[in-house]
Amino acid sequence: MTRPLELGLDTFGDATVDATGTRLSDAEVIRNVVAQGVLADRVGVDFFGIGEHHRDDFSVSAPDMILASLAGQTSRIKLGTAVTVLSSDDPIRVYERFATLDALSNGRAEVILGRGSFTESFPLFGYDLADYETLFSEKLDLFATLRSEGPVTWSGTIRPPLKDQRVYPRTEKGAVTAWIGVGGSPESVVRSVEYGIPMTLAIIGGDPARFVPYVDLYRRAQEQVGSTGMPLGVHSPGHIAATDAQAREELWPHQLVMRNRIGAERGWPAMTEQEYVDEIEHGSLYVGSPDTVATKIARTVKLLGTDRFDLKYATGTMPHDQLLSSIELYGTEVIPRVRAILERD
């Protein structure tokens, strides 16, 4: 059976500025993220994801708290993370928090589990980066076991073993809806299938076509274990405005600052405006008018056969009013256009 395509939005709660360029307080950014999620629900967006970070250019370190607020102010949109850094968290507490969110939202809670692309949470919570691989693999194994919502018996090297232990609350639907965030590792693709937890691909640069081999592997691995039909998600950044020129002009200064700050930390060269244009025209930056962005999303959906596409609508210090406009255009104009293109083709 073919699943209906879901079109969602993601934010990392980037620290933003006001109209004068003055940075907002973290508290105001968090309240703005709630307003953005409420608007996304109102304009017909299918999913709203909030990322977790522990550094000064992002204001959100506890997305589940914001999602709980949104659960009481929305009625239909699915609410999840983008991502939860499982490696530096407690899988039992993660499960309990999202089972609670599932109750508050009447079954709309989701969690996307990942290693995280930043490592600040490891020293913050007392973890050794030398244990990076072990922490994620063992904690994911424990989380997957918890999804049975029955007595759990588990042992590993990162915590004391569990013997016939139950975790509460239990969900009404039998398990917390979960995804595994994958950046392009074949091992991560296969592990997603082994655990029966769908993957969402973080495609943040380059032509999405380069991820076709990973999608093929995902399908083949399912056939081998006899669990075909697992959904596939994709996450990519972008910005929408009335025209292509306006969208590019609005995003560019914020994209530049964010990209160069992260690049300086990781040894990347400074971004040029030509790279920015190339990524919009040939890569995985979905920037432009509703027609332009819808056409590009539809191409990616068809190319990869994805069941959900999430646009990371917030980049760097972009002001709240620009983010609200992008969300409204996405819900009222981009989503209907994507669906019309796919139905026509």
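Above this text sits the structure in question.
All residue numbers refer to positions counted from 1 along the written sequence of the respective chain. Where local features are concerned, this predicted model is filtered to residues with pLDDT of at least 70; where side-chain atom pairs are given and counted, the filter is 80 or more; whole-chain, interface and lining totals use all residues. In computing side-chain values, all of the structure's heavy atoms are included and hydrogens and water are not.

## Focus on the environment of Val190
- By definition, any uninterrupted DSSP run of H or I lasting at least four residues is a helix, any uninterrupted run of E lasting at least two residues is a strand, and each is numbered from the N terminus. Relative to the assigned elements, Val190 resides in helix 6 (residues 186-195).
- Sequence-wise, Val190 and Gly13 are 177 residues apart; in three dimensions their C-alpha atoms are separated by 30 Å.

## Describing the packing of helix 8 (residues 244-266) against helix 9 (residues 273-282)
- Structural elements are reduced to axes, namely lines fitted to C-alpha atoms, with helices fitted over the stretch in contact, and the angle between N-to-C directions of any two is expressed from 0 to 180 degrees. Contact geometry of helix 8 with helix 9 gives a least axis separation of 11 Å together with a crossing angle of 120°. When the axes of helix 8 and helix 9 are compared, the crossing they make is right-handed. Across from Ala247, Arg248, Leu251, Trp252, Gln255 and Arg259 in helix 8, the residues of helix 9 making contact are Glu273, Glu275, Tyr276, Val277, Ile280 and Glu281. When the near helix sits turned anticlockwise from the far one by under a right angle, the crossing is termed left-handed; a clockwise turn instead gives a right-handed crossing. Every residue pair with non-hydrogen atoms within 4.5 Å of one another is taken to be in contact.

## Some points on the side chain of Asp310
- On the secondary structure map, Asp310 appears in strand 12 (residues 308-312).
- Here's how the labels work: a residue is buried when its accessible area is under 20% of the maximum for its type, exposed when over 50%, partly exposed in between, all with a 1.4 Å probe on protein chains only. Only four residue types enter the tally: Lys and Arg on the positive side, Asp and Glu on the negative side; His and the chain ends are excluded. We define a salt bridge as a contact between a side-chain nitrogen of Lys or Arg and a carboxyl oxygen of Asp or Glu at a distance within 4 Å. For the buried Asp310, no salt bridge is present, and the opposite-charge side chain at shortest range is Arg308, 4.2 Å distant.

## Overview of unusual backbone geometry
- Cis geometry is found at the peptide bond from Ala82 to Val83, where omega equals 10°.
- Secondary-structure assignment places Val83 in the loop between strand 3 (78-81) and strand 4 (84-85).
- Along the chain, Tyr168 connects to Pro169 via a cis peptide bond; the corresponding omega equals 0°.
- Residue placement: Pro169 occurs in the loop between strand 7 (162-165) and strand 8 (177-182).
- At Asn106, a position not held by glycine, the phi torsion is positive, near 55°.

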